[in-house]
Amino acid sequence: MPNIEASLKTQLNAEIDKNIQKLNDEKTKVQNASTPEELKNLAKEIRDLFKSYREVVKQIVDAIHASRATNAVSKAEDRAAAIKAKIDELKSAGKDTGTLEADLDDAKQEIDDAQEKIGRKAFREANEDLKGAYQKFRDIAQKAKGL
């Protein structure tokens, strides 16, 4: 899991190790159970354990999604900075860049929205915002060619 922060990775590994130990403990209990009633109770405990394991898996998946989305936002911010530099070059050459700057501001707002949605774990919506930002980048490039 190279995309996950070290602290979160440590926490998730500790939870996984703890869960493995619980399963080993349950295995011993099952092997030592002698009545059908004991087995039924152990089956219920094991079902409850699997519910908690699903939560750990969900945390891992969310961490991966957050990492990838944050990476995408970082790249979009870098792209916006490069576009800003090009717009500044055009402006210093005496070109009218008002619409380009407005489009760039819109793209930056979409990037900010995506970052906020990542914090809320709304990864699909963040992805849509990033797509919108990249569409603005393409629009800026087309308009810049016409200057």
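The rules behind the values
Residues numbered from 1 in each chain as written. Predicted model: local features only at pLDDT ≥ 70, side-chain atom pairs only at ≥ 80, totals over all residues. Heavy atoms only, no water. Helix = DSSP H or I, 4+ residues; strand = E, 2+ residues; numbered from the N terminus. Buried < 20%, exposed > 50% of the residue type's maximum accessible area, 1.4 Å probe, protein only. Lys, Arg positive; Asp, Glu negative; His and termini not counted. Salt bridge = Lys/Arg side-chain N within 4 Å of Asp/Glu carboxyl O. Contact = heavy atoms within 4.5 Å. Axes fitted to C-alpha atoms, helices over the stretch in contact; angles between N-to-C directions. Parallel < 35°, antiparallel > 145°, perpendicular 65-115°, else oblique. Left-handed = near helix turned anticlockwise from the far one by under 90°. Nonpolar A, V, L, I, M, F, W, Y, C, P; charged D, E, K, R; others polar. Expected span 1.5 Å × (residues − 1). pLDDT = per-residue confidence, 0-100.

Colleague: What's the story with the side chain of Glu15 in this structure? I'm lost.
Modeller: Mapped onto the secondary structure, Glu15 falls in helix α1 (residues 6-32). There is no salt bridge for the buried Glu15, and the closest opposite charge comes from Lys18, which lies 5.9 Å off by N-O distance. In contact with Glu15, not counting residues within four places along its chain, are Val56 and Gln59.

Colleague: Would you explain the packing of helix α2 (residues 36-92) against helix α3 (residues 98-119) in this entry?
Modeller: Two packed helices can be described by the angle between their axes and the distance between those axes. In the contact formed by α2 and α3, the axes pass within 10 Å of each other and the chain directions differ by 165°. In terms of orientation, α2 lies roughly antiparallel with respect to α3. Between α2 and α3 lies a crossing whose hand is left-handed. Residues Ala66, Ala69, Thr70, Val73, Ala76, Glu77, Ala80, Ile83, Lys84, Ile87, Leu90 and Lys91 of α2 form the contact with α3, whose participating residues are Leu100, Glu101, Leu104, Lys108, Ile111, Ala114, Gln115 and Ile118. Broken down by class, the residue content of the contact of α2 with α3 amounts to 13 nonpolar, two polar and five charged.

Colleague: Any chance you could explain α1 here in plain terms?
Modeller: Spacing of three or four residues puts side chains on the same side of an α-helix, whose turn is 3.6 residues. An ideal rise of 1.5 Å per residue puts 39 Å on 27 residues; α1 measures up with 39 Å between its terminal C-alpha atoms. Of the surrounding elements, those touching the buried residues of α1 are α2.

Colleague: Explain the confidence of the model for the chain here, please?
Modeller: The predicted coordinates ought not to be read in detail in places where the model reports low pLDDT. The pLDDT averaged across the chain works out to 90; a share of 98% of its residues lies at or above 70. Element-level pLDDT for the chain is lowest in α1, with a mean of 87, against a maximum mean of 95 in α3.

Colleague: Explain the environment of Asn127 to me, please; I cannot follow it from the model alone.
Modeller: Relative to the assigned elements, Asn127 resides in helix α4 (residues 123-145). Each C-alpha atom, one on Asn127 and one on Ala114, is 6.9 Å from the other, the two residues being 13 residues apart in sequence.

Colleague: Before we go on, may I ask you to explain α2 in this structure?
Modeller: The terminal C-alpha atoms of α2, which comprises 57 residues, lie 84 Å apart, in line with the 84 Å expected from a rise of 1.5 Å per residue. Once α2 ends, the next one or two residues include Gly94, with phi positive near 90°.

Colleague: Where do I start with the packing of α3 against α4 in this structure?
Modeller: As a packed pair, α3 and α4 sit with axes 8 Å apart at the nearest point and diverge in direction by 165°. It follows that α3 is roughly antiparallel to α4 by the angle criterion. Of the two elements, α3 crosses α4, and the hand of that crossing is left-handed. From α3, Thr99, Leu100, Asp103, Leu104, Asp106, Ala107, Glu110, Ile111, Asp113, Ala114, Lys117 and Ile118 reach across to α4, where they touch Phe123, Glu125, Ala126, Asp129, Leu130, Gly132, Ala133, Lys136, Phe137, Ile140, Lys143 and Ala144. Residue composition of the contact of α3 with α4, by class: 13 nonpolar, two polar and nine charged.

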